[in-house]
Amino acid sequence: NLHLYQNGFVGSIPETLFELPNLEVLFLSSNLLTGAIPPSITSAQQTLKSLYLSDNKLQGQIPNDLCGLYKLEDLFIDANDFNGPLPTCLGSLSNLKRLYAFKNRLTGDVPSVLLNLPNLVEVGIEENDITGGVNQVCAWGRGLNIWADCSELEDGC
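Only a predicted model underlies this, so the values are computations on that prediction, with no experimental measurement involved.

Enquirer: Go over the sheet that holds strand β10 (residues 105-109), please, and point to the residues and values.
Expert: Spatially, six strands are ordered β2-β4-β6-β8-β10-β12 in an open sheet, and the strand pairing comes out parallel. Either end of the sheet is taken by a strand with one partner, and the two such strands are β2 (10-11) and β12 (129-132).

Printed below as a string of structure tokens:
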């Protein structure tokens, strides 16, 4: 586990960080990191279970490279400057339990395949420009906790 919370780190995420052997938890929240999530994140696909990038200044679209992290259980990318849609391929992360993506500039619908993940218990998408994809889950009543701006969703929640 590597916990580097609130250290005042600036600049981009070092690509070599993901090459650390047996890296299961990477906690980089509350720094001043900028740029995109590097493609080298796929180097951790065999081991990474928790990725905490909250409260930085990361930007761009959420990369499809995250979808190769098949052991991932916790993905916290909230309070950054990510834009565009949530990648549909996140629906392939069958171990995902918590996805916090609130306080970004995300757009479009929440992919239904993501909300169908069997282990998913919490999704935070409020304070974005998400426009739909949540109402079907509300009707299922499967105990999934979703934080969303219901007034902004075309299909409610």
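Still more ground to cover, so stick around.
Enquirer: Tell me about the nonpolar core, and please be specific about residues and values.
Expert: Ranked by internal contacts, the top residues of the largest apolar core, which has 39 residues, are Leu51, Leu66, Leu75, Leu86 and Leu96. If we skip the residues at most four places from it in the chain, Leu96 touches Leu72, Glu73, Asp74, Leu75, Leu114, Leu117, Asn119 and Leu120.

Enquirer: Now, about the state of the cysteines: what can you tell me, with residues and values included?
Expert: Under the criterion given, the structure shown has one disulfide. The disulfide that involves Cys67 links it to Cys89, with 1.9 Å between the sulfurs. One quick way to see it: the torsion about the S-S bond of Cys67 and Cys89 is about 60°, and its sign makes the bridge right-handed. One end of the pair, Cys67, is in the loop between β6 (57-61) and β7 (74-76); the other, Cys89, is in the loop between β8 (81-84) and β9 (98-100), and 22 residues separate them in sequence. Residue Cys67 is classed as buried on the basis of its relative accessible area of 12%. The exposure class assigned to Cys89 is partly exposed, which follows from its relative accessible area of 26%.

Enquirer: Break down the environment of Asn116 for me, citing the residues and quoting the values.
Expert: Take Asn116: it is sitting in the loop between α1 (112-115) and β11 (122-124). Residue Asn116 is classed as partly exposed on the basis of its relative accessible area, which comes to 43%. Separated by 25 residues in sequence, Asn116 and Gly91 have C-alpha atoms that sit 7.6 Å apart.

Enquirer: Describe in detail the pattern of salt bridges, supporting the description with residues and values.
Expert: Considering all chains together, one arrives at three salt bridges under this definition. A salt bridge links Arg98 to Asp74, with the shortest nitrogen-to-oxygen separation between them at 2.7 Å. Here Arg98, found in strand β9, pairs with Asp74, found in strand β7; they are 24 residues apart in sequence, far enough to count as distant. Two residues, Asp81 and Arg105, come together in a salt bridge whose shortest N-O distance is 2.7 Å. Residue Asp81 is found in strand β8, and its partner Arg105 is found in strand β10; the two are separated by 24 residues along the sequence. On the basis of relative accessibility, which here comes to 42%, the residue Arg105 falls in the partly exposed class.

Enquirer: Give a description of the packing of aromatic side chains that names residues and reports values.
Expert: Inspection of every chain in the model, using the stated rule, returns six aromatic pairs. Ring geometry for Phe27 and Tyr52: centres 4.8 Å apart, planes at 25°, overall stacked. On the criterion of sequence distance, the pair formed by Phe27 in strand β3 (residues 25-27) and Tyr52 in strand β5 (residues 50-52) is long-range, its members being 25 residues apart. Between Phe76 and Tyr100, the ring centres sit 4.3 Å apart and the planes meet at 50°, which makes this aromatic pair tilted. Here the residue Phe76 occupies a position in strand β7, and Tyr100 occupies one in strand β9, the gap between them amounting to 24 residues. Of the two residues, Phe76 and Tyr100, neither departs from the other in class, the shared state being buried. Members of the aromatic cluster, connected to one another through ring pairs, are Tyr5, Phe27, Tyr52, Phe76, Tyr100, Phe102 and Trp147.

Criteria and cut-off values
- By convention here, each chain's residues receive numbers from 1 onward along its written sequence.
- The predicted nature of this model means local features are confined to residues of pLDDT at least 70 and side-chain atom pairs, given and counted, to a pLDDT of 80 or more, with totals for whole chains, interfaces and linings taken over all residues.
- For the side-chain quantities, the full set of heavy atoms in the structure was used; hydrogens and water were omitted.
- Note on pairing: two strands pair once DSSP finds at least 2 bridges between them.
- The secondary structure listing takes helices from DSSP runs of H or I that are at least 4 residues long and strands from runs of E that are at least 2 residues long, numbered from the N terminus.
- Take the buried residues of types Ala, Val, Leu, Ile, Met, Phe, Trp, Tyr and Cys, join any two whose side-chain atoms come within 4.5 Å, and each joined set is a nonpolar core.
- Exposure is judged per residue with a 1.4 Å probe applied to protein chains only, and the accessible area is read against the type maximum: over 50% gives exposed, under 20% gives buried, and values in between give partly exposed.
- We call two residues in contact whenever any of their non-hydrogen atoms come within 4.5 Å of each other.
- In what follows, a disulfide is any cysteine sulfur pair within 2.5 Å.
- Throughout this description, the term salt bridge denotes a Lys or Arg side-chain nitrogen within 4 Å of a carboxyl oxygen of Asp or Glu.
- Centres within 6.5 Å make a pair out of two Phe, Tyr or Trp rings, where for Trp the six-membered ring is used; the pair is then stacked when the planes are under 30 degrees apart, edge-to-face when over 60, and tilted otherwise.

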